[in-house]
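Here is how the chains run, residue by residue.
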Amino acid sequence: MNSTKVAENSIQAAQDSIIEDFELLEDWTEKYKYIIELGQVSPGLPEALKTPDIKIKGCQSNVWLHTELKDGKIVFSGDSDAMITKGLINLLINVLSDREPREILEGDLYFIDRIGMKQHLSPTRANGLASMIKQMKIYALAYKTKLENAN
Amino acid sequence: MESPSKTYQPTSTPFDVDAIRRDFPILERKVLGKPLVYLDNAATTQKPSAVIQSITDYYTQINSNVHRGVHHLSEEATNAYEGAREKVRQFLNAGSVEEIIFTKGTTGGINLVASAWGRKHLKAGDEVLVSGMEHHSNIVPWQMICSEKGAHLKVIPINQQGELDMDQYTSLLNERTRLVALVHISNALGSINPVRRMIEMAHRKDIPVLIDGAQAAPHLAIDVRDLDCDFYAFSGHKMYGPTGIGGLFVKKAWLEKMDPYQGGGEMIKSVTFEKTVYHDLPHRFEAGTPNIAGAIGLGAAIDYLRAIGYDSILAYESDLQAYASEKIGSIPGVRLIGTAHDKAGVVSFVVEQVHPLDLGTMLNAAGIAIRTGHHCAQPVMDFYRIPGTARASLGIYNTRAEIDHLAETTRETIKLLS
């Protein structure tokens, strides 16, 4: 990126848009209602894909994260039995999905802090969210290595 | 200077819940911009000013080590500490202060009995009988000592209402049973067990009984002589006292048949490299500098509860318990877990189609503190085939308005998620 202007479709732009949305929400009840809506509109995963090997450890609810590579980009999809968790996954997917592995690896995720989620989540839940992000980055690294070896 | 052993009185007259609420400074605070509705009392209760003040007084006026120095402060601290022991004795109606051991809490008390009593009296093939509704802290210490000794843990089953199966209990008491370890009130279900009757049944076969009173101490007047229990363990922090302090009653006859399980200062009379002579009862079970401030705080909590009176507390809380069960139980989609005839302090429930984590989060956003999960009683959750429950647990400062708020927010959350 040569310009300081936020590039369209960048991780930064996606995060800024989320931050803007959250600024309109008055209190935590409203914020969570919005996250629940995000969970409800998310397609989730078909039951057949919810296998133990794609389950993320360290969450209070069951969380599954699925990945596939399409035209050199990682497409994430995820699901959870808790709707708020599913909404949070959807937020992460909005920011990180459909991007090249390198972009995901280099991405600085500041939106969680800026929407107040970092301070708000209890340590166990914050760990769950951190586990999700970590897992997404691990996938990115794995795909990056795989792509480099293929070339 | 004021006497350190002064009696702390509530500023309220019994039973005025608004006045009682004013005794608890934390209830004035807001969480996430909303007034705090604290319904996690089975995990720990809030502290009245009298308790907080007693701890401040101790550290600002008489802080000193106990049972040691001849200097004045040490004497005052010792008097305050031993004065607190006398308060615990009265609280439990024990016959003698020698029967009162200060512990870290209920878990500490049960572990003490498992070690000091279990190591001496359990042998291979013996059985320790617990119930299916025990907190992990009345399961794991027995598993540990049983595995060390080759003894076996047996379990009294529960029924769908969350009551103990008394027929099974009768048949489980046999010549191999060496101890019954039983919860007085279940933390996950709120069931009040018929401990007096169960102790009598065990005693007819000369089997001693330990009662886990962690959840009973804040709700019921306890009389260890009337119950005739052999051991009774409770925690300060679940009865409006400080964390890290609890009491263990041990019947005198057993005290003399138990060896100290931790060595150190405070618990000895004389030490040479050849031989140590243990201190008198109960000090030989309190190795190291004790939690002096905690004991004094616990004493203040006892004064506070006694001044309100357990009769008034029970009457108020029973009414609130019934109200909460009715309010929460009548929400479409809600199923109450634990519907025992005798219940105290707890409304545990599951909501169809709603993950407990989602419910807990939405309630938290509304300023309501409840607990979701297995409540350290996984065997209870396994019995009901559920991963966990949402649990609202009541204290003396909770109101019908708070229950209404809980019910309303639960309804809204269900609507939102279905």
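In this text the structure is predicted, and so the values were computed from the model without any measurement.

Conventions we followed
Residues numbered from 1 in each chain as written. Chains lettered and ligands numbered in written order. Predicted model: local features only at pLDDT ≥ 70, side-chain atom pairs only at ≥ 80, totals over all residues. Heavy atoms only, no water. Helix = DSSP H or I, 4+ residues; strand = E, 2+ residues; numbered from the N terminus. Rg over C-alpha atoms; globule rule 2.2 N^0.38 Å. Buried < 20%, exposed > 50% of the residue type's maximum accessible area, 1.4 Å probe, protein only. Contact = heavy atoms within 4.5 Å. Areas by Shrake-Rupley, 256 points an atom, 1.4 Å probe, with all protein chains shown as cover. Lys, Arg positive; Asp, Glu negative; His and termini not counted. Charge placed at Lys NZ, Arg CZ, Asp CG, Glu CD. Buried area = accessible area lost by both parts, 1.4 Å probe. Salt bridge = Lys/Arg side-chain N within 4 Å of Asp/Glu carboxyl O. Polar contact = N/O pair within 3.5 Å; in protein donor to acceptor, adjacent residues only side chain to side chain. Nonpolar A, V, L, I, M, F, W, Y, C, P; charged D, E, K, R; others polar. Axes fitted to C-alpha atoms, helices over the stretch in contact; angles between N-to-C directions. Parallel < 35°, antiparallel > 145°, perpendicular 65-115°, else oblique. Pairing = 2+ DSSP bridges. Expected span 1.5 Å × (residues − 1). Core = buried A, V, L, I, M, F, W, Y, C linked by side-chain atoms within 4.5 Å. Domains from an automatic or database assignment.

Trainee: Would you mind going over the overall build of chain B with me for this structure?
Mentor: Helix and strand content of chain B: 14 helices and 17 strands. Scaling as 2.2 N^0.38, a compact globule of 418 residues should have a C-alpha radius of gyration of about 22 Å, and chain B matches this with 22 Å. Its C-alpha atoms give chain B principal-axis dimensions of about 70 × 60 × 35 Å. A total of 418 residues make up chain B; the buried ones form 57% of that total. Within chain B, contacts between residues separated by at least 24 positions form 72% of all contacts whose residues are at least 6 apart in sequence. A total accessible area of about 16,900 Å² is found for chain B, and carbon and sulfur atoms account for 51% of it. Taken as two groups, the 41 positive and 47 negative side-chain charges of chain B have centres that lie 3 Å from each other.

Trainee: Sorry, what's going on with the interface of chain A and chain B here?
Mentor: Put simply, an interface is often sized by how much accessible area is lost when its parts join up. Taken together, the contacts link 16 residues of chain A with 12 residues of chain B. Across the interface of chain A and chain B, roughly 1,300 Å² is buried in total on both sides, 66% from carbon and sulfur atoms. In this structure, the connection of chain A to chain B is made through one salt bridge. Lys-34 of chain B is paired through a salt bridge with Asp-27 of chain A; the nearest N and O atoms lie 3.1 Å apart. Counting the contacts that link chain A with chain B gives five residue pairs in polar contact (both at pLDDT 80 or more). Where the side of chain A that touches chain B is concerned, the elements lending two or more residues are helix 2 (28-41) and helix 3 (83-96) of chain A. When residues of the side of chain A that touches chain B are assigned to their parent elements, the largest contribution, six residues, is made by helix 2 of chain A. Among the residues making up the side of chain A that touches chain B, the classes are represented as six nonpolar, six polar and four charged.

Trainee: Just checking my understanding: could you explain the packing of helix 1 (residues 11-23) of chain A against helix 3 of chain A for this structure?
Mentor: Packed helix pairs are characterised by how far apart their axes lie and by the angle those axes make with each other. Residues and elements named next belong to chain A. Relative to each other, helix 1 and helix 3 sit at 140°, their axes nearing to 8 Å. In terms of axis orientation, helix 1 runs oblique to helix 3. From helix 1, Ile-11, Ala-14, Gln-15, Ile-18 and Phe-22 reach across to helix 3, where they touch Leu-91, Asn-94, Val-95 and Leu-96.

Trainee: Quick question: what am I supposed to make of the sheet that holds strand 17 (residues 389-393) of chain B here?
Mentor: Pairing between sheet strands relies on hydrogen bonds along the backbone, with the strands arranged either parallel or antiparallel. Residues and elements named next belong to chain B. Strand order across the open sheet formed by four strands is 13-14-17-16, with antiparallel pairing between neighbours. The sheet terminates laterally at strand 13 (334-337) and strand 16 (371-373), the two strands that pair on one side only. Neighbouring strand axes in the sheet, compared pairwise and without regard to direction, differ in orientation by 30° on average. Looking at chain direction, strand 14 (residues 346-351) and strand 17 are connected through four bridges and run antiparallel. If you follow Val-346 over to strand 17, its bridge partner there is Ser-393. Against the sheet, helix 11 (residues 310-329) engages strand 13 and strand 14, with an angle of about 5° to strand 14.

Trainee: Whenever I open this one, helix 3 of chain A confuses me. Can you help?
Mentor: Structural remark: α-helix, 3.6 residues per turn; residues separated by three or four positions point the same way. Residues and elements named next belong to chain A. Under the 1.5 Å per step criterion, the end-to-end length of helix 3 is 20 Å for 14 residues, consistent within 8% with the ideal 20 Å. Of all 14 residues in helix 3, 13 are buried, a share of seventy percent or more. Taken from the residues just after helix 3, Asp-98 is the one with a positive phi, measuring 65°.

Trainee: I keep staring at the nonpolar core and nothing clicks. Help me out?
Mentor: Generally speaking, nonpolar side chains in soluble globular proteins are found buried as a group. Residue and element names in this part refer to chain B. Leu-92, Tyr-169, Val-180, Tyr-232, Phe-234 and Ile-396 are the most contacted members of the largest nonpolar core, which totals 76 residues. Ranked by residues supplied to this core, first place goes to helix 10 (residues 292-308) with nine residues. Composition of this core by domain shows at least three residues from each of domain 1 (17-41 + 309-417) and domain 2 (58-306). Setting aside chain neighbours within four positions, we find Phe-234 in contact with Val-88, Phe-91, Leu-92, Gly-105, Thr-106, Gly-213, Ala-214, Ala-217, Met-239, Gly-246, Gly-247 and Leu-298.

Trainee: When you look at the environment of Val-354 of chain B in this model, what are you seeing that I'm missing?
Mentor: Residues and elements named next belong to chain B. With respect to the helices, strands and loops of the structure, Val-354 is situated in the loop between strand 14 and helix 12 (356-365). For the pair Val-354 and Leu-417, spaced 63 residues apart in sequence, the C-alpha to C-alpha distance is 6.7 Å. Sequence-distant contacts of Val-354, that is, excluding residues within four places in its chain, are made with Leu-359, Ile-414 and Leu-417.

Trainee: What's the story with the environment of Ala-217 of chain B in this structure? I'm lost.
Mentor: Residue and element names in this part refer to chain B. Checked against the element boundaries, Ala-217 lands in the loop between strand 8 (209-212) and helix 8 (224-227). A residue is classified by how much of its surface remains accessible, and Ala-217, at 0% relative accessible area, is buried. Sequence spacing of Ala-217 and Met-267 is 50 residues, and the spatial spacing of their C-alpha atoms is 27 Å. What Ala-217 contacts, discounting residues up to four positions off in sequence, is Phe-91, Ile-222, Phe-234, Met-239 and Tyr-310.

Trainee: How should the domain arrangement of chain B be read in this particular structure?
Mentor: All names here are of chain B. When the domains of chain B are assigned, the result is domain 1 (17-41 + 309-417) and domain 2 (58-306). Using C-alpha coordinates to define each centre, domain 1 is positioned 29 Å away from domain 2. Contacts between domain 1 and domain 2 engage 34 residues on the former and 30 residues on the latter. At the boundary of domain 1 and domain 2, one finds zero salt bridges. Taken together, the links from domain 1 to domain 2 amount to 19 residue pairs in polar contact (both at pLDDT 80 or more). Elements that contribute at least two residues to the side of domain 1 that touches domain 2 include exactly helix 11, strand 14 and helix 13 (378-384). At six residues, helix 13 tops the list of elements feeding residues into the side of domain 1 that touches domain 2. In the side of domain 1 that touches domain 2, the residues fall into 19 nonpolar, 10 polar and five charged.

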